[in-house]
Amino acid sequence: MRRGSWPELVGTKVSAVLQLKNVHKAFAGVPALAGVDAALMDNSYVSLLGPSGSGKTTLLRVIAGFEQPDGGEILFAGRRIDGVPPHERGIGFVFQNFALFPHLSVAQNIAFGLENRAVAPVTDAKAVAARVRDMIGLVGLTGLEDRAVTQISGGQKQRVALARTLVTEPSMVLLDEPLGALDANLRTRMRGELRTIRERCGVTFLHVTGSESEALAMGDTVLVLDRGRIAQATDAGTLYSRPASADVARFLNCYNIFSGAVSGDVFESPVGRLALGGVRQASGRPAYAIRYDRVAIRPRDAAAAGDEVRIEASFVASEYSGAAINSFFTLDDGRVFEVETHLSHAAPEAFEEKARYALVWKREDALVFV
Amino acid sequence: MNASGIKLGLGLYTTLFIVFLYGPLAVLAILSFQTGPEGGPQFPIIEWSTYWYKHLFGLTPPSRIAPLPIEQALVRSLALAVMTMIVSTVLGVTAAQAFRKRFRGSGVVFYLIVLGMMVPGVLVGLGMALVANTLGVDRHWWGTAFVLHVVYTFPFAFLVMLAIFNRFDPSVEEAAWSLGVTPARTFRKITFPLIFPGVLSAMLFAFTLSYDEFSRTLFASGRDLTLPLAIYGTFSVEVHPNVFAFGVLTTLFSFALLGTYAVLMGLSVRRAKRMAIQEEA
Ligand SMILES: Nc1ncnc2c1ncn2[C@@H]1O[C@H](COP(=O)(O)OP(=O)(O)O)[C@@H](O)[C@H]1O
Ligand SMILES: [Mg+2]
């Protein structure tokens, strides 16, 4: 690894490989990044989750140096890099469309960086061939060395793009929706492989995705980007059970969210007064969130226990998804309420369409934002 | 109209198009085989012969018809076309590369460049002659005329390259930079091979436009004539079929040029295809 080769670094202990301080970027006056603060730990897998248009690609391009930030600081391995041209940053980039060199073969694509980089190019053809061979083995492309990059599948292109970057041994690799162009089957398999490959190389991956399940499955740390700001940065487990705001909860796609206001011990929501019991988190905008899988569906005449919250809704439809069933209800104000029931808990129940049911959850399971 | 009617119409149109395109050329080609030296540039063919071709290369016994005074003009025109091709293509590629990023005044610069192919050639030629006279600069095919040829052909090369860059995916360049490769080397190793088909087209444009440029060269080239001027000059005396023979030979030369272009293009088409497939993926 080339890490630590900069003179400024001698004697400094760096734990955060990348630090972003108040990074701003606007396009024609419209802000895409509105003050991003983040620190990425060395040798870790970081996912960056955000809805489309939240500025994920812009952030990656600013870090890589393809775009100049309007303000803020970017520190990479302790060195300030805003203003440094991309080829002097030592940060790898894997493009969503792969951006392979179409006129070069698989092996030539992978060898390109080694042979042509400005700093420490490898001129010995044998040395290049050996490193390319190792990398081809690592990403599982053996046998395809001499193929044109247009004669390989999407998953294989993905591997070439990754190998081409990793062979130059950057200390950090930025991946822009790397699995977005792959079909569902391959996506699941590549998730595991990406993690394995990263562990073997010991580099930091910053993996951008719009899929909450991908972000939670891949990242040691998950950054949530919302309207140009980091809304939360934490590990996957904490993010899933303790989103920092209603917006983050919404991206996670597993919370029913009510807007309203807290008054004393109840939350005044459009579907009625919900008794409060759990912790309250300051987030700026009051909201009430209950996770899909914390809700029980009971017959309408069943009474709620003292520590429970109960609302009524009419059943619409169910959807099987592997080990769980997701049931959809409409509330009195017309909104959809989703309940996830794990099949191991109980045999699937048949609900009657348009019939009313009681939806019940424990007070302390709800997240309350004030 | 029914389908066969459309077919008939299109067929007729194509036939007419081909007749008008190749008719004059065919007449030239046929008359170039007129017998010599007594045969003239008109039908009927008295007797088929290759006399005028031999005459062109000085292989006939001396006669009252002087050999075409075009040998040096041909060399000049070829040299001028090659010079123009190189300079215009380099300028076209670099200017189009500059236009990939919006810069201040890019709109004005764009129209200034394109103006070079829009303004009437005779006027530019005359203007150049006047400027040269005023400044006391001698007019030469390799000086004043060369500048005008570049001003004229550069916009074509520029527009071709602009269209090529329009379709170019810049992320392959960014990918190379992120591997630690300098922008200059990236251009040489990645960008240039990918835009090469466009560069070939720009070269072909610049060469052919310069090779038979007439109006700009007329006033700007000074004493030593280029090929189009020399041929025109022979018309003012008396036209013999040797001009036609020469026309046939230059046409063959043009076809050879096109053939070279096609072969080189074919070699890079695979590359272009690969690029297209990758874009779709
Ligand atoms: N080159 C650009 N020019 C103008 N606007 C841009 C450009 N790139 C991104 N944007 C805008 O910045 C915002 C964030 O875009 P992007 O970073 O691509 O989001 P994401 O990758 O999260 O979908 C969007 O509103 C987008 O329209
Ligand atoms: Mg994006």
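Residues numbered from 1 in each chain as written. Chains lettered and ligands numbered in written order. Predicted model: local features only at pLDDT ≥ 70, side-chain atom pairs only at ≥ 80, totals over all residues. Heavy atoms only, no water.

This part covers the domain arrangement of chain A. As assigned here, chain A comprises domain 1 (2–241) and domain 2 (266–369). Once you take the C-alpha centre of each, domain 1 of chain A and domain 2 of chain A turn out to be 40 Å apart. (Domains from an automatic or database assignment.)

On to the packing of aromatic side chains, then. Within the structure shown, the criterion is met by 33 aromatic pairs over all chains. Arranged with centres 6.0 Å apart and planes meeting at 20°, the rings of Phe66(A) and Phe95(A) form a pair that is stacked. In this pair, Phe66(A) is assigned in the loop between helix 1 (56–64) and strand 4 (71–76) and Phe95(A) in the loop between strand 6 (91–94) and helix 2 (106–116), connecting sequence segments 29 residues apart. Overall, Phe95(A) belongs to the buried group, its relative accessible area being 6%. The rings of Phe99(B), Phe103(B), Phe110(B), Tyr111(B), Phe154(B) and Phe158(B) are connected pair by pair, giving a single aromatic cluster. Over the aromatic face of Phe101(A) sits the side chain of Arg164(A), whose NZ or CZ is 4.6 Å from the ring centroid. (Phe/Tyr/Trp six-rings, centres within 6.5 Å; stacked < 30°, edge-to-face > 60°. Helix = DSSP H or I, 4+ residues; strand = E, 2+ residues; numbered from the N terminus. Buried < 20%, exposed > 50% of the residue type's maximum accessible area, 1.4 Å probe, protein only. Lys NZ or Arg CZ within 6 Å of the ring centre and 35° of its normal.)

Residue and element names in this part refer to chain A. What the 4 strands build is an open sheet, ordered 2-1-4-5; its pairing is antiparallel. Taken across any chain shown, the strands that pair with only one partner, and hence form the sheet edges, are strand 2 (30–41) and strand 5 (79–80). Strand direction decides the pairing type here: strand 1 (residues 16–27) and strand 2, joined by 9 bridges, are antiparallel. Following the sheet pairing, leucine 20 is matched in strand 2 by alanine 38. Of the strands in this sheet, strand 1, strand 2 and strand 4 touch helix 1, which is tilted by about 115° from strand 1. (Pairing = 2+ DSSP bridges. Contact = heavy atoms within 4.5 Å. Axes fitted to C-alpha atoms, helices over the stretch in contact; angles between N-to-C directions.)

This part is about the environment of Thr57(A). Residue and element names in this part refer to chain A. Looking at where threonine 57 falls in the secondary structure, it is placed in helix 1. Since its relative accessible area comes to 33%, threonine 57 is described here as partly exposed. Sequence separation between threonine 57 and glutamine 96 is 39 residues, and the spatial gap between their C-alpha atoms is 9.7 Å.

Here we come to the pattern of salt bridges. All names here are of chain A. Per the stated rule, a full pass over the model turns up 27 salt bridges over all chains. Between arginine 227 and aspartate 226 there is a salt bridge; the shortest N-O distance is 2.9 Å. The class for arginine 227 is exposed, based on a relative accessible area of 59%. For aspartate 226, a relative accessible area of 13% puts it in the buried group. Each member of the salt-bridge network shares a partner with another, and the members are Asp226, Arg227, Asp247, Arg250 and Arg285. (Salt bridge = Lys/Arg side-chain N within 4 Å of Asp/Glu carboxyl O.)

This paragraph deals with the site of ligand 1. Residue and element names in this part refer to chain A. Taken together, Phe27, Ala32, Pro51, Ser52, Gly53, Ser54, Gly55, Lys56, Thr57 and Thr58 are the residues near ligand 1. Here an oxygen atom of ligand 1 and a side-chain polar atom of threonine 57 are 2.7 Å apart. Contact with the protein chains covers 56% of the free accessible surface of ligand 1, which is 560 Å². Of the residues forming the shell around ligand 1, the biggest block, 3 residues, is contributed by helix 1. Split into classes, the residues belonging to the shell around ligand 1 amount to 3 nonpolar, 6 polar and 1 charged. (Near = heavy atom within 4 Å. Polar contact = N/O pair within 3.5 Å; in protein donor to acceptor, adjacent residues only side chain to side chain. Areas by Shrake-Rupley, 256 points an atom, 1.4 Å probe, with all protein chains shown as cover. Nonpolar A, V, L, I, M, F, W, Y, C, P; charged D, E, K, R; others polar.)

On the side of chain B, 24 residues touch chain A, which itself brings 27 residues to the contact. Taken together, the two surfaces of chain A and chain B that pack against each other cover about 2,300 Å², and 64% of this comes from carbon and sulfur. Interface area lost by chain A to chain B is led by His87(A), Pro102(A) and His103(A), which between them contribute 27%. On inspection of chain A and its partner chain B, the count reaches 1 salt bridge. In this structure, Glu174(B) engages Arg61(A) in a salt bridge whose closest nitrogen and oxygen atoms are separated by 2.7 Å. Across the contact surface, chain A and chain B share 5 residue pairs in polar contact (both at pLDDT 80 or more). (Buried area = accessible area lost by both parts, 1.4 Å probe.)

With that settled, the discussion passes to the pairing of strand 14 (residues 272–275) of chain A. Residues and elements named next belong to chain A. Strand direction decides the pairing type here: strand 13 (residues 266–269) and strand 14, joined by 4 bridges, are antiparallel. Counted as the bridge partner of glutamate 268 is arginine 273 from strand 14. Linking strand 13 back to strand 14 in an antiparallel pair, the connection comprises 2 residues.

What follows is about the UniProt feature "domain: ABC transmembrane type-1" (unreviewed entry) in chain B. Per the UniProt record, "domain: ABC transmembrane type-1" (unreviewed entry) is annotated on residues 74–261 of chain B. Annotation note: span residues 74–261 of chain B, helix share 79%, strand share 0%, distance between end C-alpha atoms 21 Å. (UniProt positions renumbered as here; feature names shortened; annotations may be inferred.)

Of the pockets and cavities examined, the largest pocket occupies roughly 620 Å³. Lining the largest pocket are 20 residues, and of these Phe66(A), Lys101(B), Glu173(B), Glu174(B) and Trp177(B) lie nearest its centre. When contributions to the lining of the largest pocket are tallied by element, the ones reaching two or more residues are helix 3 (71–98), helix 7 (171–178) and helix 8 (183–211) of chain B. With 4 residues, the single largest contributor to the lining of the largest pocket is helix 8 of chain B. Taken together, the residues of the lining of the largest pocket break down into 8 nonpolar, 6 polar and 6 charged. Computed from the structure, the second largest pocket encloses a volume of approximately 510 Å³. What lines the second largest pocket is a set of 22 residues, among which Tyr211(B), Asp212(B), Thr250(B), Thr251(B) and Ser254(B) lie closest to the centre. (1 Å grid on protein atoms, 1.4 Å probe; cavity = no way out; pocket = protein on both sides within 12 Å on 5 of 7 lines; lining within 4 Å. Points joined across faces, edges and corners; volume = space filled by probe spheres on them.)

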